[in-house]
Structures are given as structure tokens and as C-alpha cells.
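# Descriptive analysis of the structure
Here is how the chains run, residue by residue.
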Amino acid sequence: MNLALFLLVGGFVWYMVSGLNRPEISYAGEDLTADEPFVSPWQETGSLEVPEEINRFELAEESLYISAGTTVYRYGMDGELQHRFASEEGVRDIALCNGSVYLLYPTRIEVYTPQGELVH
């Protein structure tokens with residue numbers, strides 16, 4: 001038993017020491033080390049320009065929905081405006097569920113499609 005343990009530890013030490021002299025492996029001539037950290041499109045632009053004061057926002061389905069003033073804006077993950085539709089003043093919250101956009105007002109909830117059509 002002691003001999004088996006000694007061989008196991010000795011093999012592990014040999015493996016670790018021999019690994020120090022191995023050349024670095026490269027794949028198809030590509031350098032796999034990252035010299036620069038990943039920068040997302042949001043970090044490149046730094047911000048979004050919305051013409052009205054932002055009330056609420058919700059991130060879902062690869063889109064950012066922003067309720068601002070009397071408009072709901074939908075931006076893509078690249079920061080580009082995809083769509084906008086009119087809403088009434090006073091949106092208290094915005095939520096997305098099952099492909100619908102829910103706008104919470106002080107006395108009611110309105111449901112819209114992502115294209116801005118009111119669902120009855």
C-alpha cells in the first residue's frame with residue numbers, strides 16, 4: 001500500500017515537473033490569449049439617447065424596452081432603436097411576459113404587442 005502511494009505521488013510530481021518544459025500549443029496559428037478585454041456594443045457607445053425622461057425600463061428577449069414620457073422604445077442589444085410606439089403619460093412600470101408588453105398606470109394595466117398594438 002505504501003509503495004502504491006509512493007508511486008502515485010512520484011508520478012504526479014514527475015508529471016508536474018515535466019510539464020514545465022513543454023512548448024505552448026497553438027491551434028491553426030491563432031493566438032488564444034486575449035490581449036484586450038471584451039468590450040460589448042453597450043460599452044462602446046456608453047449610453048442611449050432617449051428624447052424624453054425615462055420612466056421605467058425592462059430587459060427581455062434580446063431587447064431593451066424603455067418607457068419614456070408618452071412613448072415606449074425598443075432597442076436591440078447593439079443599442080440601435082428597433083421600434084417605438086405611443087403610450088399615455090404616467091407609466092409607473094413596464095413588464096414583458098409571453099411576448100406581450102404590460103404597462104402599469106396608477107389605475108389600470110394596458111397590454112400591447114411588441115409592435116405597439118393594444119391587446120383587447
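Scroll up a little and you will see the structure.
A few words on the pairing of strand β6 (residues 100-104). Of the pairings in the sheet, the one linking strand β5 (residues 93-97) to β6 comprises 5 bridges and is antiparallel in character. When the sheet's bridge partners are listed, aspartate 93 is paired in β6 with leucine 104. Two successive antiparallel strands, β5 and β6, enclose a turn made up of 2 residues, where asparagine 98 displays a positive phi of approximately 50°. Judged from the 4 bridges that link them, β6 and strand β7 (residues 109-112) form a sheet pairing that is antiparallel.

In this sheet, strand β2 (residues 63-68) lies alongside strand β1 (residues 54-60) in antiparallel orientation, the contact comprising 6 bridges. The residue of β2 that forms the bridge with phenylalanine 57 is isoleucine 66. Hairpin connection of β1 to β2: 2 residues between the antiparallel strands, including glutamate 61 at a positive phi of 50°.

This paragraph deals with the packing of aromatic side chains. As enumerated under the stated definition, the model contains 2 aromatic pairs in all. Between phenylalanine 85 and tyrosine 112, the ring centres sit 5.1 Å apart and the planes meet at 35°, which makes this aromatic pair tilted. Remark: tyrosine 112 occurs in strand β7 and phenylalanine 85 occurs in strand β4 (residues 81-86); sequence separation between them is 27 residues. Summarising the burial analysis for this pair, phenylalanine 85 and tyrosine 112 share the class buried.

Rules of the game
- Residues numbered from 1 in each chain as written.
- Predicted model: local features only at pLDDT ≥ 70, side-chain atom pairs only at ≥ 80, totals over all residues.
- Heavy atoms only, no water.
- Pairing = 2+ DSSP bridges.
- Helix = DSSP H or I, 4+ residues; strand = E, 2+ residues; numbered from the N terminus.
- Phe/Tyr/Trp six-rings, centres within 6.5 Å; stacked < 30°, edge-to-face > 60°.
- Buried < 20%, exposed > 50% of the residue type's maximum accessible area, 1.4 Å probe, protein only.

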